[in-house]
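Take a look at the letters that make up each chain.
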Amino acid sequence: QLGFAPFETDQAVSSLQQAEQGAAETKSVRENPRAHRILTAQKSRQSWTIIDCDYRALELDNISEIIVVENLDCFYAMENFALDIATDSLVVYRGDSAYSTGRKALLQQWRHTGKPLRYFGDLDAKGFHIAQSEGFTHIAVPAYEWFKANANSSAFNPAQANLLASLNSQNALSPYHQLLKNQHRAILQQWLQNTPLQWCET
């Protein structure tokens, strides 16, 4: 009679769905408005368009690969990076408190497709560890000689040193890992602007 939702109603839904259930808004249990949202960058000709969308609306069959970008400032400036990206790729921001939940849910579904999952981020202990431990098939790297010449100790975070031992050094990334381990030098993602990059299997 008061217009409220019955006690047995599941109110862990969006505020819009709660409004359809009854007159009360229950913020403490409602679904986060960005729970299913991801931030994507789509290329058209020479420009990029940033789109906030619900990952559940994506047709995964129409996507050839997903590229996850670690840093938001680099994500907003993808035109500054010389990276081979197919027209049917989905470029996604890795996420912060606003977008990480949707991105994680999307990647959980994507891994079942068996299609490439690529990582573009900092080339430090944490970046290589993320690419390896979270199921990415490839990571974007410059030529090793460029990496060796430009890697800097200021980009090496001592707090990440515990991750070095876990890096897989039995593949093409071995020289990069060895430089990190032996010289404690790294490359931040923003330093890779206008540098030819290649996808290397993790």
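Look above for the structure.
In every chain, residue numbers begin from 1 and rise along the written sequence. Side-chain atom pairs in this predicted model are given and counted only at pLDDT of 80 or more, local residue features only at pLDDT of at least 70, and totals for whole chains, interfaces and linings cover all residues. To obtain the side-chain values, all non-hydrogen atoms of the structure were used and water was disregarded.

A.B. asks: Talk me through the layout of surface pockets; I want residue IDs and the actual numbers.
C.D. replies: Estimates place the volume of the largest pocket at around 220 Å³. Method remark: on a 1 Å grid restricted to protein atoms, a set of points is classed as a cavity if a 1.4 Å probe fits but cannot get out and as a pocket if it is open with protein on both sides within 12 Å along at least five of seven lines; lining residues have an atom within 4 Å of a point. Around the largest pocket, the lining is made up of 14 residues, and of these Gln-42, Lys-43, Ala-86, Thr-87 and Ser-89 lie nearest the centre. Here the lining of the largest pocket is built from residues that sort into 8 nonpolar, 4 polar and 2 charged. Grid points are joined across faces, edges and corners, and a volume is the space filled by probe spheres set on the points. When residues are sorted by character, Ala, Val, Leu, Ile, Met, Phe, Trp, Tyr, Cys and Pro go into the nonpolar class, Asp, Glu, Lys and Arg into the charged class, and all the rest, Gly among them, into the polar class.

A.B. asks: Can you explain the packing of aromatic side chains? Please cite residues and give values.
C.D. replies: The relative placement of two aromatic rings is captured by the distance of their centres and the angle of their planes. When the centres of two rings from Phe, Tyr and Trp lie within 6.5 Å, Trp using its six-membered ring, the rings pair. Their planes under 30 degrees apart give stacked, over 60 give edge-to-face, and anything left gives tilted. Here the structure, examined in full by the defined rule, presents 7 aromatic pairs. Plain terms: the ring middles of Tyr-119 and Phe-136 are 4.9 Å apart, the flat faces sit at 55 degrees to each other, and that makes the pair tilted. A residue pair is termed long-range when its members are at least 10 positions apart, and Tyr-119 in strand β5 (residues 117–120) and Phe-136 in the loop between α4 (125–133) and β6 (138–141) qualify at 17 residues. The burial state of Tyr-119 is the same as that of Phe-136; both residues are buried. Three or more aromatic residues link up through ring pairs in this structure, and these residues are Phe-128, Tyr-144, Phe-147 and Tyr-176. In this structure, Arg-34 is placed above the aromatic ring of Tyr-99, and the distance from its NZ or CZ to the ring centre is 5.5 Å. Counting from the N terminus, the helices are DSSP H or I runs at least four residues long and the strands are E runs at least two residues long. The cut-offs for exposure are 20% and 50% of the maximum accessible area for each residue type, with area from a 1.4 Å probe on protein chains only; residues under the lower value are buried, those over the upper are exposed, and the others partly exposed. Here, a charge over a ring means that NZ of Lys or CZ of Arg falls within 6 Å of the ring centre while also lying within 35 degrees of the ring normal.

A.B. asks: Can you break down empty space enclosed by the protein residue by residue, with the values?
C.D. replies: Throughout the structure, instances matching the rule amount to 1 cavity of 30 Å³ or more. Lining the largest cavity are Phe-128, Ala-131, Gln-132, Ile-139, Leu-173, His-177 and Thr-202. In terms of residue count, α4 provides more of the lining of the largest cavity than any other element does, 3 residues in total. Broken down by class, the residue content of the lining of the largest cavity amounts to 4 nonpolar, 3 polar and no charged.

A.B. asks: If you had to explain helix α3 (residues 100–110) to someone new, which residues and values would you point to?
C.D. replies: Buried within α3 we find Ser-100, Gly-102, Arg-103, Leu-106, Leu-107 and Trp-110. Buried residues in α3, looked at end-on, bunch into an arc of 160 degrees, giving them a common side. When the buried face of α3 is taken as reference, the exposed residues oriented beyond 90 degrees from it are Lys-104 and Gln-108. In this description, one arc is meant: the one made by directions from the helix axis to the C-beta atoms.

A.B. asks: Tell me about unusual backbone geometry, and please be specific about residues and values.
C.D. replies: In terms of backbone geometry, most residues other than glycine have negative phi values and most peptide bonds are trans. Despite not being glycine, His-184 shows a phi value in the positive range, around 55 degrees. Its place among the elements puts His-184 in the loop between α6 (174–183) and β7 (198–201). Of note in this structure, Asn-194 is not a glycine but carries a positive phi near 60 degrees. Along the polypeptide, Asn-194 turns up in the loop between α6 and β7. Overall, Asn-194 belongs to the exposed group, its relative accessible area being 65%.

A.B. asks: Explain the environment of Ser-174 to me, and be specific about the residues and the numbers.
C.D. replies: Note on placement: Ser-174 falls in helix α6. Residue Ser-174 is classed as buried on the basis of its relative accessible area of 18%.

A.B. asks: Before we move on, could you go through the sheet that holds strand β3 (residues 65–69) and cite the residues and values that matter?
C.D. replies: Strand order in the open sheet formed by 7 strands is β2-β1-β4-β3-β5-β6-β7, and the pairing between neighbours is mixed. Pairing within the sheet leaves two strands with one partner each, and these edge strands are β2 (47–54) and β7. Each strand axis lies, on average, 30 degrees off the axis of its neighbour in the sheet, ignoring direction. One bridge is not enough; two strands pair if DSSP finds at least two bridges between them. Judged from the 2 bridges that link them, β5 and β6 form a sheet pairing that is parallel. Each residue of the ladder has a partner; that of Tyr-119, found in β6, is Ile-139. Sheet contacts for α4: β5 and β6; angle to β6, the most-contacted strand, approximately 150 degrees. Angular values range over 0 to 180 degrees, each being the angle between N-to-C directions of two axes fitted as lines to C-alpha atoms, with helices fitted over their stretch in contact. We call two residues contacting when some pair of their heavy atoms lies within 4.5 Å.

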